[in-house]
Amino acid sequence: MITLLIQAAGSIETVMLDNDKLMVVLAVVLIIWIGITMFIYATDRKIDRLESSVKTLLSEKNPPVDQS
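Residues numbered from 1 in each chain as written. Predicted model: local features only at pLDDT ≥ 70, side-chain atom pairs only at ≥ 80, totals over all residues. Heavy atoms only, no water.

**Here's the deal with the overall build of the chain**
Phase 1 of the analysis: When you go through the chain residue by residue, the secondary structure sums to 2 helices and 0 strands.
Phase 2 of the analysis: In the chain, which comprises 68 residues, the proportion classed as buried is 0%.
Phase 3 of the analysis: Accessible surface, the chain as shown: approximately 6600 Å² in total, 71% of it carbon and sulfur. (Helix = DSSP H or I, 4+ residues; strand = E, 2+ residues; numbered from the N terminus. Buried < 20%, exposed > 50% of the residue type's maximum accessible area, 1.4 Å probe, protein only. Areas by Shrake-Rupley, 256 points an atom, 1.4 Å probe, with all protein chains shown as cover.)

Below is the structure:
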């Protein structure tokens, strides 16, 4: 049974390589991963900007108390 699975996997690989479909699949997967990475990076930057603006607003509402 395992040998049948190995043979099937080998034949799928040869079909994909013969028709250049494997490279297309890999390119699509790479594009998807790059898109996900860019989305996460952009979201992180937006969150950082929101956090800094919230800190600024909170510091303006509650000025530091002078200890002297």
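**A look at a nonpolar patch on the surface**
Phase 1 of the analysis: Together, V24, V25, V28, V29, I32, W33, I36, F39 and I40 make up a nonpolar patch on the protein surface, roughly 870 Å² of accessible area in all.
Phase 2 of the analysis: Along the chain, F39 falls in helix α2 (residues 21-61).
Phase 3 of the analysis: Residue F39 is classed as exposed on the basis of its relative accessible area, which comes to 59%. (Patch = residues over 30% accessible without salt bridge, like charges linked within 9 Å, V, L, I, M, F, W, Y side chains within 5 Å. Salt bridge = Lys/Arg side-chain N within 4 Å of Asp/Glu carboxyl O.)

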